[in-house]
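# Secondary and tertiary structure notes
Chain residues, written in single-letter form:
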Amino acid sequence: EQSGDSYKKHALAVLADLNKSTPNFTLNDEALYMRATILEGLNQQEAAFTVWQSLAKEGRDSIYTVHANIAIGDHSFEKEKAPQALKAYQNAGNVLSRVQGPEVAYEKLRVNYRLAWAAYRTADLNQALAAAQNLLHPEADLKRISMQKRMTQDACDLIADTLFEQDTPEKTKDYLQKDLL
């Protein structure tokens, strides 16, 4: 057993008991979030996915519910289920629109990045285009310059591919004449 695993398992038991015995606990979102992340840390992905689903379904409008929807989307995207991923990312964006706090701008970028890729994979090209365009904000704080470069490059690639796939010269011309930044 790895160092700390027994403590993590004990924490999981306490959090599960808290969720079960006190459903109206004011910090229930946080407790579910902690359970899911601990389970992921123990490499119990399917169990974590179940907790993420509970949090997405039962959670309040909180950053934790946003994270749950992102985790569900990521899980679906990894399993080549782009339509389900798209729905989860849309749910994350909807919840995020009602959340306030210092992390909201960064989370919007994370959601839009995933939303752009899932929309592109489902051939929802208009949504892919809109989400990719939302990534082109140089003032955004992406924690690391390398991440900002990758997201900007991916957004540009997605925009170019989407315009190519749509094959409408007038729309492409109009779009390219926009001030994207």
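Residues numbered from 1 in each chain as written. Predicted model: local features only at pLDDT ≥ 70, side-chain atom pairs only at ≥ 80, totals over all residues. Heavy atoms only, no water.

### Side note on the packing of helix α2 (residues 28-41) against helix α3 (residues 45-58)
Selection rule: Note on geometry: axes are C-alpha line fits, over the in-contact stretch for helices, and angles between N-to-C directions span 0 to 180 degrees. A helix here means a DSSP run of H or I that spans at least four residues, while a strand means a run of E at least two residues long, and both kinds are numbered starting from the N terminus. Throughout, the term roughly parallel applies to angles under 35 degrees, roughly antiparallel to angles over 145, roughly perpendicular to angles from 65 to 115, and oblique to all others. Crossings are assigned a handedness: left-handed for a near helix turned anticlockwise from the far helix by less than a right angle, right-handed for a clockwise turn. The contact definition used throughout considers only heavy atoms, calling two residues in contact when any of these lie within 4.5 Å. All residues other than Ala, Val, Leu, Ile, Met, Phe, Trp, Tyr, Cys, Pro, Asp, Glu, Lys and Arg, Gly among them, are scored as polar; the first ten of these are nonpolar and the last four charged.
One can describe the packing of α2 onto α3 by two numbers: an axis separation of 8 Å at closest approach and a directional angle of 160°. With respect to α3, the element α2 is oriented roughly antiparallel. Once α2 is placed against α3, the crossing between them reads as left-handed. Along its contact with α2, which presents Asp29, Leu32, Tyr33, Arg35, Ala36, Thr37, Leu39 and Glu40, the element α3 presents Gln45, Ala47, Ala48, Val51, Trp52, Leu55 and Glu58. Classifying every residue of the contact of α2 with α3 gives 9 nonpolar, 2 polar and 4 charged.

### What to know about helix α8 (residues 145-166)
This is how it is decided: In a helix, the anticipated span is given by 1.5 Å times the number of residues less one. To sort residues, take the accessible area from a 1.4 Å probe on protein chains only and compare it with the maximum for the residue type: under 20% means buried, over 50% means exposed, and anything in between is partly exposed. It is the directions from the helix axis to the C-beta atoms that the arc portrays.
Between its terminal C-alpha atoms α8 stretches 31 Å, which fits the 32 Å expected from 22 residues at 1.5 Å a residue. Here α8 has its buried residues at Met147, Met151, Asp154, Ala155, Leu158, Ile159, Thr162, Leu163 and Gln166. The arc that holds the buried residues of α8, viewed along the axis, is 160°, so those residues lie on one side. With respect to the buried face of α8, the exposed residues turned more than 90 degrees away are Ile145, Lys149 and Phe164. On its buried face, α8 is in contact with α6 (104-121), α7 (125-133) and α9 (169-176). Directly after α8, the chain includes Asp167, whose backbone phi takes a positive value near 50°.

These results come straight from atomic positions and should not be treated as a statement about function.
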